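# Structural characterization, general
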Amino acid sequence: QSTFCFASSNIATASAVHVQRSSISAYSSLAVASGQSAQMHALLTFMSSGDNFVASSELYGGTYTQFKYSFANLGIEARFFNAANPDEAASLIDENTKCIYLETISNPSSTVPDFERYVEIAKTNQIPIVCDNTFGQGGWTCKPLAWGADIVVESATKWIGGHGTSIGGIIVDGSSFDWRVKKA
């Protein structure tokens, strides 16, 4: 049984957030400091200097900046593609590519990626799909794990509080990717 601890402002602790998030998706989750932190934690778990990943160019501005500049400072290259063109993403993948990164609903264009095609590309190249589901309302309306994403990251700031008084991020592992493969 879970024990909930509440701060004087009645904001749930990380333990309560894990229980709540897991009840939505039935997968393991990890609460972190922010959505940006969720992205960084998730990706740096299996990437290091000399690696690259392919990412939709239609991303939240902070994400694009993090990928283009912060990851570059760590020696990790983000290769950007048009989210509506999965074949463009496939053409950017090489032996050092560690994942495909998408947003369930692109910010700001609202493009919804062709998950079936991206899953096919990921399986062919033995790399996971990491999907930002912030605009999917944290699993309430969009469920990228059901469509083949392997890891989901979210800005909990938008959906747990909804009022901007707290900051948080969530990482959800769908337990669908075989991490023993050579690519990852």
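Residues numbered from 1 in each chain as written. Predicted model: local features only at pLDDT ≥ 70, side-chain atom pairs only at ≥ 80, totals over all residues. Heavy atoms only, no water.

## Some thoughts on the pattern of salt bridges
Convention followed: Salt bridge, as used here: a side-chain nitrogen of Lys or Arg that lies within 4 Å of a carboxyl oxygen of Asp or Glu. With a 1.4 Å probe rolled over the protein chains alone, any residue whose accessible area is under 20% of its type maximum counts as buried; one over 50% counts as exposed, and the rest are partly exposed.
One pass over the structure, following the stated rule, counts 5 salt bridges. Asp178 serves as the salt-bridge partner of Arg180, at 2.9 Å between the closest nitrogen and oxygen. Arg180 gets classed as exposed once you look at its relative accessible area, which sits at 74%. Here the residues in one salt-bridge network are Glu77, Arg79 and Asp94, joined through shared partners.

## Concerning the confidence of the model for the protein chain
Threshold: For every residue, the predictor states its confidence as a pLDDT score lying anywhere from 0 to 100. Throughout, a residue-residue contact means that at least one pair of heavy atoms, one from each residue, lies within 4.5 Å.
Put simply, the protein chain has an average pLDDT of 84, and 80% of its residues get 70 or more. Taken together, the stretch residues 1-11 has pLDDT below 50 and engages in 9 contacts with residues farther than four places along the chain or on a different chain.

## Comments concerning the environment of Ser109
We apply this condition: Put simply, DSSP H or I for four residues or longer makes a helix, DSSP E for two residues or longer makes a strand, and each gets a number counted from the N terminus. Residues adjacent in sequence count toward polar contacts only when both atoms are side-chain atoms; beyond that, a polar contact is any pair of N or O atoms within 3.5 Å, and within protein one must be able to donate a hydrogen and the other to accept it.
Assignment of secondary structure puts Ser109 in the loop between β4 (97-103) and α5 (115-125). Judged by its relative accessible area of 39%, Ser109 is partly exposed. Along the primary structure Ser109 and Tyr60 are separated by 49 residues, whereas in three dimensions their C-alpha atoms are 9.7 Å apart. Of note is the side chain of Ser109, whose polar atom sits 2.3 Å from the side chain of Glu58. Separated by 2.9 Å, the side chains of Ser109 and Thr111 make a polar contact.

## Points about unusual backbone geometry
With a phi angle near 65 degrees, Ser110 is a residue other than glycine that sits in the positive phi range. For Ser110, the location among the structural elements is in the loop between β4 and α5. Phi angles above zero are rare outside glycine, and Gln126 is one such case at about 55 degrees. Assignment of secondary structure puts Gln126 in the loop between α5 and β5 (129-132). A relative accessible area of 41% places Gln126 in the partly exposed class.

## So, the sheet that holds strand β7 (residues 169-173)
The line we're drawing: Here a strand pair is declared whenever DSSP counts at least two bridges between the two strands. Note on definitions: angles span 0 to 180 degrees between N-to-C directions of axes, and those axes are lines fitted to C-alpha atoms, for helices only across the stretch in contact.
The sheet built from 7 strands is open, its strands ordered β1-β7-β6-β5-β4-β2-β3 with mixed pairing. With one partner strand each, in any of the chains shown, β1 (28-32) and β3 (77-81) form the two edges of the open sheet. Going across the sheet, the axis of each strand differs from the next one's by a mean of 20 degrees, ignoring polarity. Here β4 runs beside β5; their pairing, made up of 4 bridges, is parallel. Each residue of the ladder has a partner; that of Tyr101, found in β5, is Val130. Along the sheet face, helix α2 (residues 35-44) touches β1, β2 (52-56), β4, β5, β6 (151-155) and β7 and points at about 160 degrees away from the line of β6.

## Focus on the packing of α2 against helix α3 (residues 61-73)
Spelled out, the test is: Oblique is the label for any angle not under 35 degrees, not over 145, and not in the 65 to 115 range, which are roughly parallel, roughly antiparallel and roughly perpendicular in turn. By definition, any crossing whose near helix is turned counterclockwise from its far helix by less than a right angle is left-handed, and any crossing with a clockwise turn is right-handed. Any residue that is not Ala, Val, Leu, Ile, Met, Phe, Trp, Tyr, Cys, Pro, Asp, Glu, Lys or Arg is counted as polar, Gly included; the first ten are nonpolar and the last four charged.
Running from N to C, α2 and α3 cross one another at 45 degrees; their axes reach a closest spacing of 10 Å. The angle between the axes of α2 and α3 places the two elements in the oblique class. Here α2 and α3 pass one another in a crossing that is right-handed. Of the residues in α3, those touching α2 at Gln36, Gln39, Met40, Leu43 and Leu44 are Gly62, Thr63, Gln66, Phe67, Ser70 and Phe71. In the contact of α2 with α3, the residues fall into 5 nonpolar, 6 polar and no charged.

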